[in-house]
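# What the coordinates show
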2 protein chains.
Amino acid sequence: MAKTTITDIAKKLGLTPSTISRALAGNPRIKIGTREAVEKAAAEMGYERNAVASSLRSGKAMTVGIIVPRINRMFFGNAISGAESVLNEAGYTVIICQTHEKVENEKNALKTLSMNRVAGILISHSIESADSSHIREALDSRSKLVQFDRVFYDLPGAKVVNDNFHGAYEATSHLLRMGYKKIGTLAGYMNVSCYKERLDGYFKALSDAGMSRDESLVYYGSILQETGRVSGKKAIEAGCDALYSAGDFSALGAVEAACEAGKNIPEDFGIVGTANEDFTSIMNPPLSSLDLNPYEIGRQAALAFLDGSDEVVKVKTELRERLSSKRNGNR
Amino acid sequence: MAKTTITDIAKKLGLTPSTISRALAGNPRIKIGTREAVEKAAAEMGYERNAVASSLRSGKAMTVGIIVPRINRMFFGNAISGAESVLNEAGYTVIICQTHEKVENEKNALKTLSMNRVAGILISHSIESADSSHIREALDSRSKLVQFDRVFYDLPGAKVVNDNFHGAYEATSHLLRMGYKKIGTLAGYMNVSCYKERLDGYFKALSDAGMSRDESLVYYGSILQETGRVSGKKAIEAGCDALYSAGDFSALGAVEAACEAGKNIPEDFGIVGTANEDFTSIMNPPLSSLDLNPYEIGRQAALAFLDGSDEVVKVKTELRERLSSKRNGNR
DNA sequence: AAAGAAATTGCAAACGTTTGCAAACATGGC
DNA sequence: GCCATGTTTGCAAACGTTTGCAATTTCTTT
């Protein structure tokens, strides 16, 4: 049994497909009576609009693509949920693509979305993406681009990001207030905007406290548990008594390193992570972390798409102070 | 600048759209020379096949929909990744829909996918889905259905599931071997196949150990951290010295309840969860858990779709024994 | 009651691709 | 040089919807 089409409905009611189309679209040019008759018939016949045909004719799919490094990170999972809530409400279907941090997958995803003539693309680029060139190439006048979290400022379109600078500033300041003296940082990669901004915020907090910029305290490329562990070990050996980590997984690794080095957290060693992953409150000790409000990031990205805005939206971060950084009094 | 179409290429080469279409599809009826010329021109002109038009004409979209309760559960995230790896390889685009465990969202997702004329639907139904009726209604002769993890056996199409019965049997037996005497279970909802099967496996292990079926040991509907905590407290008060939990989040809640009750894990109280979520190895103590191999589940589901198979595929579980259930010697 | 305006519906083309069938062309056997 | 066969390409319709414009009907107004 083939699906019923508007032509089927038209035949049954002695009307034409155009009228059916307009009636179902709520076009005011159609008499209220016929519209009701059409709706009734459509319901009875189990009509479902063919989104494919609709997209082809109108030249615009009611579909939005979301490209993220991976969906099983709390941050991206929630950002997607936030975007979905807005987009579904507005009648859009969402296609989600994972890049697994590979630029090659990112190119494929962009191509796939382009082939499907999506109305918009919400993207947070992979770590491998050194610059914006491949995204610019895939750009298309007919689909709107919105970047979030990890953005290239030289691309057109809206950008929704955290206030990473202030967040990292706050996290580092918190460690300073707790009396830690030599605070290192597990940084990410500098081609990725959010990591760059967090590093800047970290440095600003130290300089505001009268400390000079010390590159030897920065452990670049530490965003996984394993790299966090290795860098954490180095930081401890270098005499750090605290770390601000630009990610939670690397912070977890650093906690392990600290334990292995016989450090007491938070008495001997303090640490603050970023992203407020689920596991941070479960860890022993619970990990202080910078909450990035990913759901709101996703929501704002979707709204920017709907509005067609071209601005930079900043979403606040919130420091969740937990045991890993709260020692009693200073030393 | 509008996208180049096969008609554009045809004009440039003095051919017709049909030839271009066939050439790009690798149709052997086209002379090898012209095919190469077409490919060259297509590359030069930046041609990208319009997937929408292609779908409409051929009546079949190279798109597969995946419906899951939520994407930020390790299990579903990895299942999706597994399915994606197979489907992308085969040229399919994947649309992911979250139901957030609501049957209403599930209906909408089914409708959306149906409207988009997807070639197949991979689904793990929500907890709210009491029966298969709404899925059956949305069924369509042209799109293949594959259920995974949570399945209704009365629906047609392939089903990819864990060997939950044996997994739960193994987990419970492990607790018995460790010398726990009164083993309760945090069960899920009995309309959900995987939870039902796990409960059966749990009972079988107990009965094989000579214990009679005791419904008072079963705490239904315990799958979240909070419900796990409440049920865990009740179980402890009822004198249980161990729990097999059909989920990890509820196991986490039960661990909290045990700690609050002053129990030592694993000496006074043993616990095994299910799903091997990331946090299980981070917890204090690390939580024993039944690994469900979600990536393989997703892979198999995608393969079942591609093969058009109608069989039930069982994926093995693996018990990860950690500290939460490994006490020294029996009592 | 006639003319003009407004409301409602129909006509037909278009979106870009695929595909059955026919046509054109080349090749080979006799 | 003719017919049969095989190879390569073109024609035209179709997928189901949307939409500018025209046509028809109904309602106002004088």
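Refer to the structure presented above.
What comes next concerns the included structure. Keep in mind that what you see is a predicted model, and the values were worked out from it rather than measured.

Moving on to the sheet that holds strand 1 (residues 63–68) of chain B. All names here are of chain B. Spatially, the six strands line up as an open sheet ordered 2-1-3-4-5-11, and their pairing is parallel. The open sheet is flanked by strand 2 (93–98) and strand 11 (312–315), the only strands paired with a single partner. For this sheet the average axis-to-axis angle between neighbouring strands, irrespective of direction, equals 15°.

What follows is about the protein's contact with DNA strand C. Taken together, 26 residues lie around DNA strand C, and Thr-19 and Arg-22 of chain A together with Ser-21, Tyr-47 and Arg-57 of chain B are the ones closest in. The sugar-phosphate backbone supplies 57% of the atoms of DNA strand C found within 4 Å of the protein. In the environment of DNA strand C, a phosphate oxygen lies 2.5 Å from a nitrogen or oxygen atom belonging to the side chain of Tyr-47 of chain B. One of the backbone N or O atoms of Ala-53 of chain B is found 3.4 Å from a base nitrogen in DNA strand C. Of all the elements in the fold, those that place two or more residues in the surface near DNA strand C are helix 2 (17–25) and helix 4 (51–58) of chain A together with helix 1 (6–13), helix 2 (17–24) and helix 4 (51–58) of chain B.

Residues and elements named next belong to chain A. Most of strand 5 (residues 158–162) is tucked away, with five of its five residues classed as buried. Where burial is concerned, the two faces of strand 5 agree: the one with Ala-158, Val-160 and Asn-162 and the one with Lys-159 and Val-161 are both buried. Relative to strand 5, strand 4 (residues 144–148) runs parallel, the two sharing three bridges. Paired with Phe-148 across the two strands is Val-160, which belongs to strand 5.

With that settled, consider the protein's contact with DNA strand D. Looking at DNA strand D, there are 26 residues lining it, with Ser-21, Tyr-47 and Arg-57 of chain A together with Thr-19 and Arg-22 of chain B nearest. Backbone sugar and phosphate groups make up 57% of those atoms of DNA strand D lying within 4 Å of the protein. Here a phosphate oxygen of DNA strand D sits 2.5 Å away from a polar atom, N or O, in the side chain of Ser-21 of chain A. For DNA strand D, a phosphate oxygen lies 2.6 Å from a polar atom in the side chain of Thr-19 of chain B. Mapped by element, the contributors of at least two residues to the surface near DNA strand D are helix 1 (6–13), helix 2 and helix 4 of chain A together with helix 2 and helix 4 of chain B. For the surface near DNA strand D, the element with the highest residue contribution is helix 2 of chain A, accounting for four residues. Residue composition of the surface near DNA strand D, grouped by class: seven nonpolar, 11 polar and eight charged.

Reading guide: rules and limits
- Residues numbered from 1 in each chain as written.
- Chains lettered and ligands numbered in written order.
- Predicted model: local features only at pLDDT ≥ 70, side-chain atom pairs only at ≥ 80, totals over all residues.
- Heavy atoms only, no water.
- Pairing = 2+ DSSP bridges.
- Helix = DSSP H or I, 4+ residues; strand = E, 2+ residues; numbered from the N terminus.
- Axes fitted to C-alpha atoms, helices over the stretch in contact; angles between N-to-C directions.
- Near = heavy atom within 4 Å.
- Polar contact = N/O pair within 3.5 Å; in protein donor to acceptor, adjacent residues only side chain to side chain.
- Buried < 20%, exposed > 50% of the residue type's maximum accessible area, 1.4 Å probe, protein only.
- Nonpolar A, V, L, I, M, F, W, Y, C, P; charged D, E, K, R; others polar.

Spatial relationships are all this shows, so hold off on functional conclusions.
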